[in-house]
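# Working through the structure, step by step
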Amino acid sequence: MSVSLADLDVEKFALVTGGTGYIGSHTVVALIEAGYQVVIIDNLDNSSEIVLSGIERITGRVPHFVHADLRDADAVIKIFKEYPIASVVHLAGLKSVGESIHSPSKYYDNNIGATLNLVKAMQTAEVTTLVFSSSATVYSSSSEPPLGEDAKKLPTNPYGMSKYIIEQVLTDMALANRKWRFGILRYFNPIGAHPSGRIGETPSGIPNNLMPYLMQVAIGKLAKLSIYGGDYETPDGTCIRDYVHVVDLARGHLAALRFLEEANGVHDWNLGTGKGTSVLELVKAVEQVIEKPIPSEIIGRRKGDMPVVFADVTKASNELSWRAEHTIEKMCVDHWNWQKRNPGWYQ
Ligand code: NAD
Ligand code: UFG
């Protein structure tokens, strides 16, 4: 069902950048289910318009969609002229740590350039509320887990640095003008998919991240998982991360938007479960769901990996009343359900 602009509740009209992407599509579903009208801007660099029909199947609503690049300043200004946007959730960005090390200018241009265009267009349109997708990767490797929002920040790769610079830009803007309402969400390790199996993560090429790699081994597309390092100072020797269900993460954006209705300035929250899971524990959880073993081999450490990363989620709990609800098992069930239904790149 498409909604005419005349019928819109203007207070609840959100622009979602990167809204056809993995986390964006789940966030759009959460917003629509909470009564928001949504317009998505995405250049489809890492997603597909097919996602829109997945969103429609889940919510019964088709979000407005603009196929454009945020670096195209005129296109961004035009969106704010055409739609009665009251708030922005900014997820669009490139996200591969490895690629960013090889092509740093691409990351700075895309992630920072796009954000500058976006906030300039917001300024012109007098839209002052923005929730930004940042990452746990901004924290220094010397910071001890659990990582609270005040932990030292020192990104070690251009991707993380692009996120950190954007955080600084937003902080300086909020200091210079009290009208701004900025929410910075630092995601830990999002996995899982919508329980309907209609939207999820669709990595192009060979995945770099653990869960999508595991899923492709599970479905027989890849032969075996290489586990990067079995000699860390952790109980089973493998790295520990804070995996969080993407549906929980999506609700976090809604909670941040609600918080910003009552508060100006810049605010930051870590979104994770607050619990760590090792690589071997995640492998075991997937094996239980798919009911067969995952071929795997422990090889050398991956450069730059931190042994243990998990969030202190007290601030999100206290200020947003947000808490991750889904277990690791549910993350595996939902991710597998999506993987089985969608074995390839938007097939
Ligand atoms: P994704 O690649 O699935 O989604 C990002 C979307 O942004 C894609 O649809 C892509 O086409 C679009 N996009 C990129 N550059 C654009 C541009 N210049 N103009 C318009 N659209 C553009 O990634 P995701 O996993 O959904 O991540 C969303 C955000 O969350 C990203 O900013 C990412 O850096 C951040 N994040 C992701 C993770 C993770 O593990 N997935 C962790 C921490 C932070
Ligand atoms: N791992 C393997 N084999 C693989 C892939 C990963 O053993 O094939 C291991 C890694 O060495 C690490 C763990 O699985 O110990 C998790 O690795 P991911 O690549 O899935 O996740 P990271 O924690 O390294 O990084 C992710 C995103 C970053 C983001 C960060 C925090 O890739 O962009 O989470 O949000 F910044």
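Above: the structure in question.
Read on for a plain summary of the structure.

About the cut-offs
- Per chain, residue numbering runs from 1 following the sequence as it is written.
- Whichever chain is written first is A, and whichever ligand is written first is 1; the rest continue in order.
- The predicted nature of this model means local features are confined to residues of pLDDT at least 70 and side-chain atom pairs, given and counted, to a pLDDT of 80 or more, with totals for whole chains, interfaces and linings taken over all residues.
- The basis for the side-chain values is all heavy atoms of the structure; hydrogens and waters are excluded.
- Nonpolar cores are built from buried Ala, Val, Leu, Ile, Met, Phe, Trp, Tyr and Cys residues. Side-chain atoms within 4.5 Å join them into one set.
- Each residue's exposure class comes from its accessible area (1.4 Å probe, protein chains only) as a fraction of the maximum for that residue type: buried when under 20%, exposed when over 50%, partly exposed otherwise.
- Helix and strand definitions here come from DSSP, where helices need a minimum of 4 consecutive H or I residues and strands a minimum of 2 consecutive E residues; each element is numbered from the N-terminal end.
- Contacts were defined at the residue level, with two residues in contact if any of their heavy atoms lie within 4.5 Å.
- We call a residue near a given molecule or strand whenever any one of its heavy atoms falls within 4 Å of it.
- Definition of a polar contact: a pair of N or O atoms within 3.5 Å, with one able to donate and the other able to accept a hydrogen when the atoms are protein atoms, and with sequence-neighbouring residues admitted only if both atoms are side-chain atoms.
- Every accessible area reported is derived by Shrake-Rupley at a probe size of 1.4 Å, with residue values counting cover from the shown protein chains alone.
- Note that Gly is not counted as nonpolar here; it falls among the polar residues with everything else outside the nonpolar set of Ala, Val, Leu, Ile, Met, Phe, Trp, Tyr, Cys and Pro and the charged set of Asp, Glu, Lys and Arg.
- Being paired, for any two strands, means DSSP has found at least two bridges between them.
- Note on definitions: angles span 0 to 180 degrees between N-to-C directions of axes, and those axes are lines fitted to C-alpha atoms, for helices only across the stretch in contact.
- A 1.4 Å probe that fits but cannot get out identifies a cavity on a 1 Å grid over protein atoms alone, an open set with protein on both sides within 12 Å along at least five of seven lines counts as a pocket, and a residue lines either if it has an atom within 4 Å of a point.
- Grid points are joined across faces, edges and corners, and a volume is the space filled by probe spheres set on the points.

### Brief notes about the nonpolar core
Counting 40 residues, the largest nonpolar core has Leu31, Tyr36, Val38, Ile55 and Trp269 as the members making the most contacts within it. Listed by contribution, the elements that provide at least two residues to this core are strand E1 (13-17), helix H1 (22-33), strand E2 (37-42), helix H2 (50-59), strand E6 (181-187), helix H8 (246-262), strand E11 (265-271) and helix H10 (314-320). A per-element tally of this core places H8 first, with nine residues. Those residues in contact with Leu31 that sit more than four places away from it in its chain are Ala14, Val16, Tyr36, Val38, Val89, Leu254 and Leu257. Among the nonpolar cores identified, the runner-up in size contains 30 residues, and Val76, Ile112, Val119 and Phe132 belong to it.

### Remarks on the site of ligand 1
What surrounds ligand 1 is a group of 27 residues, the closest being Asp42, Asn46, Ser47, Tyr159 and Lys163. The contact in question runs from an oxygen atom of ligand 1 to an N or O atom on the backbone of Gly21, over 3.5 Å. The backbone of Asn43 places a nitrogen or oxygen atom 3.1 Å from a nitrogen atom of ligand 1. A total of 820 Å² of accessible area belongs to ligand 1 in isolation, and the protein chains cover 95% of it. Elements represented by at least two residues in the shell around ligand 1 include exactly H1, strand E5 (129-135) and helix H6 (158-176). Counted by class, the shell around ligand 1 contains 10 nonpolar, 11 polar and six charged residues.

### Notes on the sheet that holds E11
Strands sit in the order E3-E2-E1-E4-E5-E6-E11 across an open sheet of seven strands; the sheet is parallel. Each having just a single partner strand, strand E3 (64-67) and E11 make up the two edges of the open sheet. On average, each strand axis in the sheet is tilted by 20° relative to the strand beside it, whichever way the strands run. Here five bridges tie E1 to E2, and the two strands are oriented parallel to one another. Paired with Ala14 across the strands is Val38, a residue of E2.

### Focus on empty space enclosed by the protein
In total, this model carries two cavities of 30 Å³ or more according to the counting rule given. Roughly 100 Å³ of internal volume is contained in the largest cavity. Put simply, the parts of the chain that give the lining of the largest cavity at least two residues each are helix H7 (210-218) and helix H11 (328-341). With three residues, the single largest contributor to the lining of the largest cavity is H11.

### Remarks on the pairing of strand E8 (residues 225-228)
The side-chain alternation of E8 yields one buried face, formed by Leu225 and Ile227, and one unburied face, formed by Ser226 and Tyr228. Here E8 runs beside strand E13 (residues 296-299); their pairing, made up of four bridges, is parallel. Paired with Ser226 across the strands is Glu297, a residue of E13.

### Things to note about unusual backbone geometry
Leaving glycine out, the prevailing phi sign among residues is negative, and the prevailing peptide bond configuration is trans. The peptide bond linking Pro145 to Pro146 adopts the cis configuration, its omega dihedral lying at 0°. Here Leu44, not a glycine, exhibits a phi torsion of approximately 60°, which is positive. Along the chain, Leu44 falls in the loop between E2 and H2. Despite not being glycine, Ser321 has its phi angle at roughly 55°, a positive value.

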